[in-house]
Amino acid sequence: MTARTMERTDHTGAPAASRLRSRHLLGIAGLEADEITLILDTAEAMKEIGTRPIKKVPTLRGRTVVNLFFEPSTRTRTSFEIAEKRLSADTLSIATATSSVTKGETLVDTVRNLEAMAPDMIVTRHPSSGAPHLLSRVCRSAIINAGDGTHEHPTQALLDAFTIRQHKGRLAGLKVAIVGDLLHSRVLRSNALLLTTMGAEVWGCGPATLMPAGIDRLGLHPTTSVDEAVEGADVVMLLRIQHERMHGHFFPSVREYFALFGMTSERLRRASGNVIIMHPGPMNRGVEIDSDVADGPYSVILEQVSNGVAVRMAVLYLLAGRDEMAEEGPP
Amino acid sequence: MPQVMDADRMSRALTRIAHEILERNRGLDDIALVGIRTRGVPLARRLARTLQEINGDDVPTGALDITLYRDDLMRHAVGPQPLVRRTEIPFSIDDCKILLVDDVLYTGRTIRAALDALIDFGRPRAIQLIVLVDRGHRELPIKADYVGKNLPTSLRQSVQVRLLEVDGTDEVVIEEEP
Amino acid sequence: MTALLLKGGRVVDPAGAGDGAFDVLIADGAIARVGRDLPVDGAEVLEIARDWIVAPGFIDIHVHLREPGQEYKETVASGTASAVAGGFTAVACMPNTEPVNDHAGITQFILKKAAEARRARVYPIGAVSIGSQGERLAELGEQKTAGCVAFSDDGRPVATALLMRRALEYAGMLRVPVIDHCEDPSLKGDGVAHEGYHASALGLPGIPSVAESLMVERDISLAELTSAHVHIAHMSARQSLRAVRAGKDRGVRVTCEVAPHHFTLTDDALDGPVKYDTNLKMNPPLREAADRDAMIEGIGDGSVDAIATDHAPHHADEKMLEFDRAPFGIVGLETAVPLVFDRLVHTGRITLARMVELLSVNPARIIGVPGGSLAEGQPADLTILAPDLPVTVRAAALASKSRNTPFDAWQLRGGVAATVVGGRIVYQNPDAR
């Protein structure tokens, strides 16, 4: 085996790409398996930086990254900010709850006003599905999707995959059960796409009222039975249930939801012996997950958070390295 | 492709360097080897082994990835992006004498990046540079303390060091660029 | 006014002269004669190419002219310019203007604007309820006298079964149809795309087909009860068509229309190179291939009565928004004829005679206006078509004020050569000579 293949393979033997093909990260939908491997491999190196005394490298020095968050988020925004600062980028976070958007300024105008400072990259979270796609058509910066509506949350899926790979050594052939509000979850869509692309078997479980149409075409095995989903699972991922959904007649009460779908130690016994429990956060204890399980020996939930910084550093680094903004205008 | 060093000559060069290290530093106190990825790392390990054979002491050895410190990192849109790999320095470098190890010394920019990276890890007492081949054409004021072979080259040539651990064979060859 | 003689084309007039190489003589704004080799006799001659079609004027019974109130999107003047450029000699305009056309003053205003524009005829459709709020019946009698040809709360369904029943009874008394935008609001929810795989993959809330078909079934049952005429606007789902067929079989007075985008596009278009393209957002949404194919079948076998565009102009700024925030609707007046030719006629799904039924004969009958044939004495409204004309849709060059079309850069075969209203040539296609 030559040096090149030794260095550049994921654990399934599929080679890593040499660079990312798109100048944006709008979703997992635009990524192929070799690009996903490249991001995960790069994140390994980035993770090490967090263990040093000086947790900083000069790689993105002189680059400006704007975090444009139209939806409140402490966890994801902080994670991106730390990632950007560790790479020595200049960062600017704009939480638009109080800004021009409430005065009726459109998304396009808000971003065009930002262009004056010529950010190299814009990390954006927005309540409308497709908002980052619209941005990528109207502005020159590279766009990173930090969550759009109910569509995708690609860096979450990447850090989830990174965490799984750390524990299992691979993604292919694993049984992953994702339980919760599948209909409204962007984390579900991104994870389903990523895990099936990398050869995992993904099961989607939740109440029938919260199953997206065409779910099997999304690559998932659908079931309303938690037992069936968890049976022999290597990974169990819980999704947040929003209490507001009760008003849409999706389920009658959180008590009933927990009774039918909540992850308890009891239910977990059907999973494989070294199952790992994941949750994108924030958790509703006693709704989708029992405290025993959340704090138990199988939970890797806290690791997900710390892996988030490494994965986001990898994404920032790989996209910044494409350096095509100087040569191209918007596509 | 003209071969300028074969396995035997490489081995003797490394042995000679090991003896020079011992002589110049009067022993191995507070000395550590740090190889620059990729090929500096196996070279550093070989030196550590040789030093251990001669002197008896274990020399701490680490691996340094300087990709994120390169000054040309964000400037080339063409070609594959260099893969970033882990740095592994499992010991404190404070007050150590660090011996940086690389296969080829050329413009000196890799060494500059390595110095920046090392200083983020701590405050070494001193840093010395070991290279297997010095091919000239420095662009920065960098000098190697220990050289396996001086190899005058033209800018149109490239020097390839091949190592058993990475490439399956030990040799140094010069290639002409077309 | 001098007489006008259309010489040399092929007349397709299924409700009148039939199909043949006839000349058409027009005098005083009306059809004087249709026959072979008519003498010129001092008339002004308009030479028609031998393969061109001369048909009774096309009537689009579902158009949004946006005036009064939203003139930045379209006006009666620009909308009728768009209509004649699309080959339409008349349009029926929906009442969801600002203010809503729920009383005679607004109907009169619209008719005045149409008369000033002197292009296509305009037949206003009045609101069923005041403000289209679904609470109180509007003054339907006064509105009919003022010139309304039908009633609708389009943009919304007629709010309750009781209101729809009363509206059908009342409008039935006036011999005027109720046109319903069939949609159950609770099932539609905040949906913005057809409930199916593509909406799920894109994270867009879905509108299930049953939201439409359930309301269609309600309206057919009420039309049956009241013996009144209900017309189903912009039908898109195969389940709706099934209900319409069953209603017709029972003798219910139900008619329906399909828009060109619903026999051309499906929700697969959402997975195109430009994601979240708001020019693919309309209500009812683009549905599945089975629905599109069912619409085509219905158009062919007579279950579908008319093709109507639901021309819905929106300003570019309004469409340059996040998909869920952008308004529903696309323009359609200038792309209808090329799409009918390219997707239905040239593919052999319908004959030219059927095309004229769908675009002229039946629309005239549904809203009860003159037209639909070239019989002597009929108004001289004609649509002259070039069936093999290569057409490249250019959004930037539309006569409409708005540009929101998903068909930009499409290359189609078949288009409009000229449009004649009341004996006057109101449009000639510069590319068709």
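Above this text you will find the structure in question.
Computed from a predicted model, the values in this text were never measured in an experiment.

**Points about the packing of aromatic side chains**
Thinking step 1. Enumeration according to the criterion identifies 4 aromatic pairs over all chains in this entry.
Thinking step 2. Ring geometry for Phe407(C) versus Trp410(C): centroids 4.9 Å apart, planes at 85°, classification edge-to-face.
Thinking step 3. Here Phe407(C) falls in the buried class, since its relative accessible area comes to 2%.
Thinking step 4. By relative accessible area, Trp410(C) is classed as partly exposed at 23%.
Thinking step 5. Taken together, the aromatic side chains of Phe251(A), Tyr257(A) and Phe261(A) make up a single cluster linked through ring pairs.
Thinking step 6. The ring of Trp203(A) carries Lys175(A) above its face, with NZ or CZ at 4.5 Å from the centroid.
Thinking step 7. Arg135(B) extends its terminal NZ or CZ atom over the ring of Tyr106(B), reaching a point 3.8 Å from the ring centre.

**Details of the sheet that holds strand 8 (residues 171-176) of chain B**
Residues and elements named next belong to chain B.
Thinking step 1. Spatially, the 3 strands line up as an open sheet ordered 1-8-7, and their pairing is antiparallel. Edge strands, defined here as strands with exactly one partner in the open sheet, are strand 1 (3-6) and strand 7 (157-162). Taking the axes of each pair of neighbouring strands and ignoring which way they run, one obtains an average angle of 15° across the sheet.
Thinking step 2. Where strand 7 and strand 8 come together, 6 bridges link them in antiparallel fashion. Paired with Val 161 across the two strands is Val 172, which belongs to strand 8.

**Side note on the pairing of strand 4 (residues 23-27) of chain C**
Residues and elements named next belong to chain C.
Thinking step 1. The sheet contact formed by strand 1 (residues 4-7) and strand 4 spans 3 bridges and is antiparallel. Directly across from Leu 6, in strand 4, lies its bridge partner Val 24.
Thinking step 2. Here strand 4 pairs with strand 5 (residues 30-35) via 5 bridges, running antiparallel. Across the sheet, Asp 23 pairs through a bridge with Gly 35, a residue of strand 5.
Thinking step 3. Once strand 4 ends, the chain turns through 2 residues before running back antiparallel as strand 5, passing Asp 28 with a positive phi of about 55°.

**What to know about the sheet that holds strand 1 of chain C**
Residues and elements named next belong to chain C.
Thinking step 1. Reading across from one edge, 5-4-1-6 is the order of the 4 strands in this open sheet, with mixed pairing throughout. Unpaired on one side and paired on the other, strand 5 and strand 6 (44-47) mark the two borders of the sheet. In this sheet, neighbouring strand axes are inclined to one another by 20° on average, regardless of whether the strands run parallel or antiparallel.

**Topic: the side chain of Ser303(C)**
All names here are of chain C.
Thinking step 1. Structurally, Ser 303 is set in the loop between helix 10 (289-301) and strand 17 (306-307).
Thinking step 2. One polar contact links Ser 303 to Arg 245, side chain to side chain, over a distance of 2.8 Å.
Thinking step 3. One polar contact links Ser 303 to Asp 301, side chain to side chain, over a distance of 2.5 Å.
Thinking step 4. Contacts of Ser 303, omitting those with residues within four sequence positions, involve Leu 241, Val 244, Arg 245, Lys 248, Cys 256 and Gly 298.

**As for the nonpolar core**
Thinking step 1. Core analysis: the biggest nonpolar cluster contains 94 residues, and Met46(A), Met121(A), Leu158(A), Leu194(A), Leu64(B) and Leu100(B) have the highest contact counts within it.
Thinking step 2. No other element matches helix 12 (residues 301-320) of chain A, which puts 11 residues into this core.
Thinking step 3. Apart from residues no more than four positions distant in its own chain, Leu158(A) is found in contact with Leu25(A), Ile28(A), Ile36(A), Ile39(A), Leu40(A), Leu194(A), Val311(A) and Val315(A).
Thinking step 4. Formed by 90 residues, the second largest nonpolar core is a distinct cluster that contains Met215(C), Ala223(C), Leu241(C) and Leu333(C).

**Section: the packing of helix 12 (residues 336-345) of chain C against helix 13 (residues 352-367) of chain C**
Residues and elements named next belong to chain C.
Thinking step 1. At a closest axis distance of 11 Å, the pairing of helix 12 and helix 13 adopts a crossing angle of 140°. Relative to helix 13, the element helix 12 lies oblique. Once helix 12 is placed against helix 13, the crossing between them reads as right-handed. Facing helix 12, whose interface residues are Val 337, Val 340, Phe 341 and Val 345, helix 13 presents Leu 352, Met 355 and Leu 359.
Thinking step 2. Considered class by class, the residues forming the contact of helix 12 with helix 13 number 7 nonpolar, no polar and no charged.

Definitions and cut-offs
- Residues numbered from 1 in each chain as written.
- Chains lettered and ligands numbered in written order.
- Predicted model: local features only at pLDDT ≥ 70, side-chain atom pairs only at ≥ 80, totals over all residues.
- Heavy atoms only, no water.
- Phe/Tyr/Trp six-rings, centres within 6.5 Å; stacked < 30°, edge-to-face > 60°.
- Buried < 20%, exposed > 50% of the residue type's maximum accessible area, 1.4 Å probe, protein only.
- Lys NZ or Arg CZ within 6 Å of the ring centre and 35° of its normal.
- Pairing = 2+ DSSP bridges.
- Helix = DSSP H or I, 4+ residues; strand = E, 2+ residues; numbered from the N terminus.
- Axes fitted to C-alpha atoms, helices over the stretch in contact; angles between N-to-C directions.
- Polar contact = N/O pair within 3.5 Å; in protein donor to acceptor, adjacent residues only side chain to side chain.
- Contact = heavy atoms within 4.5 Å.
- Core = buried A, V, L, I, M, F, W, Y, C linked by side-chain atoms within 4.5 Å.
- Parallel < 35°, antiparallel > 145°, perpendicular 65-115°, else oblique.
- Left-handed = near helix turned anticlockwise from the far one by under 90°.
- Nonpolar A, V, L, I, M, F, W, Y, C, P; charged D, E, K, R; others polar.

On their own, these measurements won't tell you what the molecule is for.
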